[in-house]
Each structure stands twice: as C-alpha cells, then as structure tokens.
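Geometric and topological summary
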Amino acid sequence: MFKILEKQTLAPKVEMMVIQAPYIARHAKVGNFIVLRLNKKGERIPLTIADSDRDKGTITILFQRVGKTTESLGMLNAGDKIQDVVGPLGHATPIEIYGNCVLVAGGIGAATLYPIIKALKAINTSHGVIKDKENVIARSPETPACRQTGRDDEAIPKDEIALLEPALSEKDEILRGVYPEQKDEILRFAQNDMRRAQNDRSEGARNDRKMAFSEQSYNHITVIMGARTKELLIWEDKFRQFADECFVTTDDGSYGRKGLVTDVLKEVVESKSIALAVAVGPVRMMKAVSELTKPYAVKTIVSLNPLMVEGTGMCGACRVKIAGETRFACIDGPEFDGHDVDFQELESRLRFYKEEEEQALHLFLTRTKRQVTSNG
Ligand code: FAD
Ligand code: MG
C-alpha cells in the first residue's frame, strides 16, 4: 500500500498528490510514469511522475479528474492509501545541451514538462555553464568539459580572437563579473568550440562560430503554457523559476495572450533557431505543434497518452503508429518524434471506450452521491 502524504487542488478538477514510494523515488528518471490501481478491483491507470524526492522517498503526481478512476482518486486525502503504484516505467527523456529549447505545455501536460525543464536547466549547471537570469553565460573552468578541451597552452590565433571578440564583447561585462581572473581560460574554451564549427563552411556554421560561446553551449528555455481559462493554468510559478522566458495563452483571453500556444510558438520559431521543441498536452495540441515545427526542421518530442493497461509491453493496449510502424507507448515511449506520429489513429483509439467510460462514471457518481446522502 502507498500512503498519500499530501493533497492539493491546483485548479478545478486538477489535483496534486505527494505519495510515499521510496523505490520509485530512488529510480525515477525524467519522463518516467507510474501505473496505479486504487484497490484490488480497480483498473490500472498511468500517470506521469511530475516530481520526486529521493531523500524523502516521495513522488508527486498531478492528475485531472476526467472519469471514474481519477474522480475516485481525487476523493482520497492525505493519510489514505493506494493499493498499487508500479514504476518507474517508460523511457527517460534524453537530457542534453541542445541550445534553444521550447517547451509547450497544454493543461495537465505541465506535469510531464516540469521534470524536463528542471533537468534541462540542471545540465547547464552540471556542465559548468553559469547563466545569469537576464542574459549571460560563462563556462566554469573547473568542470571536466573545460579541463578536457580548454587547458592547452597554445596562444589563441588572432583571427579567431577577432571572430570571438564580437560575441564576447557584449557579454564581457558580466563575464568579468562572474570569473574575473579566468577570462583567458574561458576564451580558450570558446576557441575550442569554434574549431569544431570551423570544419563546416556554411553560412549557418559561420554564425555558429560567432555564437559558439554563447547560444550553442547551454540550454536557453522558452516556455509556452496554454489553458482554456486562467483558473486552469497549472504550476506557472514553478515553470517561471526555470524558464528563460515564459509565455501564457488562454483560449478566452482571461490571462496572458488570447489564443493558442501555436500562435506564440510560430513567432518563437520564426524569431530564432530552435534546436528542440517538446510539446505535452491534448492530442490536438501536440499534433498542431508538430505540424508547425516540421517545415522549420525543429526536432519535436511529444509525450503520447494512449489507453494503457499494464505498462510493461505485454498487453499491447497502448499501441501507436510511429513512422508507419506499430510501437508500444509504455515501453517504446511515451515520448516520440512528433513528426512521425499518426495522431489521427491515436485520437480515434482514445475514443474507443467513450460510452463505457461515461456509463462507469455516471454509475460511480450516482452511487457515491447515494452513499453520501444516506450517511448523513
Ligand atoms: P475514463 O472515464 O476511464 O477515461 C477518460 C479518458 O481518459 C478516456 O476517454 C481516455 O482518453 C483516457 N483514458 C482512460 N483510461 C485510460 C488508460 N488506462 N490509460 C490512458 N488513458 C486512459 N493524466 C493526468 O491527469 N496526469 C498525468 O500525469 C497523466 N500521465 C499520463 C501518462 C501516460 C504515459 C499516459 C498514457 C496517460 C497519462 N494520463 C495522465 C492520462 C490518464 O491516464 C487518464 O486520464 C486516466 O487513465 C483516465 O482514467 P479515468 O478512469 O478517470 O477516466
Ligand atoms: Mg477509466
């Protein structure tokens, strides 16, 4: 049994729970999910691990009450127990230094994107990239990456410094502020980045050379969060802690910009070169994001949410079509390249049991209401 330690309502029909699950907390990676069962007769449902704390042995889930099981889970409180929580399941999100990243969260999709934004920022720090909230970066010469590449005693050729200087001069002030005595080492490190880019003679690579020291060497994260209305927006404050820039859209204009996340995304992909987009939310939103980024050749990851039963690749319920091939979201995903996903099939498979789901919810709510009335 798994004890619920904390419960909080984040928005209408959206709950957060902290659950005691030390094994899962110890092994959870970004992008993993759990499958839970409320009681011995209950169905299994998958939920993303939105956060975890190894030391405390806890995981955090966010869920939207959309049907019988999530309504029933939402009726539990701190101190109550859940029969089974299995995990961590699924592939982890590949976390690397990409450069400019855009994370697009639709509604409850924030649960999946939160560990991703944390990890994309954490890797900046672990690679020694120091970034001022406003604009500037420097690599710490103490990091292994810098030791490997930066510590040769060669003089920096003048023409390379000339290329480097414009990029550096804008940042100079803050560079000096961050590492006053280590500018030479930082220059040498940037020189190394430039050498790699120098093998490529294209226009893009020329820009890369100029930016080798800045844009390319750390994750700069733009977050676009969308919700139907202001009150349905989840964890905006937590995303703002990590985002380099954060845009909010609401369908009704009650907060942020009126419109869809793709309106903002279009402006972002047209304004700068984006290395990675990650979109998590309703199927229609992930489809629209993938269609938008495709002509710009922006690598786009989506996290798929097909019907899933046991979560370990045996039942096949969560099959999805990726680049024409059948894959199982539980063991091959849940993240896939958005440009390869057959969203139409995903949408139609999600509707497969709509009637039964509605009946089950109706019966459950009627029974619960009757119980509440007869108890008091
Ligand atoms: P039902 O009335 O049974 O179904 C309502 C709708 O939910 C269905 O039409 C269908 O679209 C979907 N659904 C139903 N059963 C399942 C199932 N077994 N597996 C997947 N979808 C189902 N939701 C969250 O709110 N937060 C999350 O962090 C989250 N993470 C997920 C991670 C993965 C990998 C997947 C595949 C799904 C995730 N979901 C998440 C969706 C969540 O599992 C469903 O909302 C939940 O199962 C609905 O159960 P229900 O009985 O309350 O609703
Ligand atoms: Mg259900």
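Here the structure is a predicted model, which means the values were calculated and not measured.

Rules of the game
Residues numbered from 1 in each chain as written. Chains lettered and ligands numbered in written order. Predicted model: local features only at pLDDT ≥ 70, side-chain atom pairs only at ≥ 80, totals over all residues. Core = buried A, V, L, I, M, F, W, Y, C linked by C-beta atoms within 7 Å. Buried ≥ 20, exposed ≤ 12 C-beta atoms within 10 Å, placed from the backbone. Helix = DSSP H or I, 4+ residues; strand = E, 2+ residues; numbered from the N terminus. Domains from an automatic or database assignment. Contact = placed C-beta atoms within 7 Å. Near = placed C-beta within 6 Å. Nonpolar A, V, L, I, M, F, W, Y, C, P; charged D, E, K, R; others polar. Pairing = 2+ DSSP bridges. Arc of directions from axis to C-beta. pLDDT = per-residue confidence, 0-100. Axes fitted to C-alpha atoms, helices over the stretch in contact; angles between N-to-C directions.

What to know about the nonpolar core
Counting 78 residues, the largest nonpolar core has Leu103 and Val104 as the members making the most contacts within it. With eight residues, the single largest contributor to this core is helix H3 (residues 110-126). When residues are assigned to domains, this core turns out to be shared by domain 1 (2-91) and domain 3 (304-371), each giving three or more. Each residue touching valine 104, except ones within four places of it in the same chain, is listed here: Ile224, Val261, Leu265, Ala277, Ala279 and Val289.

A look at the site of ligand 1
Residues in contact with ligand 1 amount to 26 residues; listed here are only the nearest, Thr48, Gly67, Thr69, Thr70 and Glu357. Going through the elements one at a time, strand E4 (44-48), strand E6 (58-64), helix H2 (68-74) and helix H13 (354-375) are the ones with two or more residues in the shell around ligand 1. By residue number, the principal contributor to the shell around ligand 1 is E4, which donates four residues. Taken together, the residues that form the shell around ligand 1 break down as 17 nonpolar, six polar and three charged. Summarising the domain contributions, the shell around ligand 1 has at least three residues from each of domain 1 (2-91) and domain 3 (304-371).

Considerations on the sheet that holds strand E5 (residues 51-53)
Spatially, five strands are ordered E5-E6-E2-E1-E7 in an open sheet, and the strand pairing comes out antiparallel. Strand pairing shows two members of the sheet lacking a second neighbour, E5 and strand E7 (81-82), which therefore form its edges. In this sheet, E7 lies alongside strand E1 (residues 2-11) in antiparallel orientation, the contact comprising two bridges. Counted as the bridge partner of lysine 3 is lysine 81 from E7.

Some words on helix H9 (residues 261-271)
Among the residues of H9, Val261, Val264 and Leu265 are the ones counted as buried. Buried residues of H9 fall within an arc of 100° about the axis and therefore sit on the same side. Among the exposed residues of H9, those oriented more than 90 degrees off its buried face are Glu267, Glu270 and Ser271. Where H9 is buried, its residues touch strand E9 (100-106), strand E12 (220-227), strand E13 (245-250), strand E14 (257-258) and helix H10 (283-293).

A few points about the confidence of the model for the protein
The predicted model of the protein has a mean per-residue pLDDT of 81, with 74% of residues at 70 or higher. Long-range and interchain partners of residues 130-183, a stretch whose pLDDT sits below 50, account for 71 contacts in this model, where long-range means more than four residues apart. Counting contacts from residues 208-216, a segment whose pLDDT is below 50, to residues more than four positions away or on other chains yields 28 contacts.

Digging into the sheet that holds E4
The pairing of strands in a sheet comes from backbone hydrogen bonds and takes either a parallel or an antiparallel form. Across the sheet, which stays open at both edges, the three strands sit in the order E4-E3-E8 with antiparallel pairing between neighbours. With partners counted over all chains shown, the strands left at the sheet margins are E4 and strand E8 (84-89), one partner each. Neighbouring strand axes in the sheet, compared pairwise and without regard to direction, differ in orientation by 25° on average. Bridge count for strand E3 (residues 33-37) against E4 is five bridges, and the pairing is antiparallel. Among the inter-strand pairings, arginine 37 is bridged to a residue of E4, identified as arginine 44.

Thoughts on the pairing of strand E18 (residues 325-328)
Where strand E17 (residues 319-322) meets E18, four bridges bridge the pair, whose relative direction is antiparallel. Bridging from a neighbouring strand, isoleucine 322 pairs with glutamate 325 of E18. In this antiparallel pair of consecutive strands, E17 and E18, the connection spans two residues, and alanine 323 shows a positive phi of 50°.

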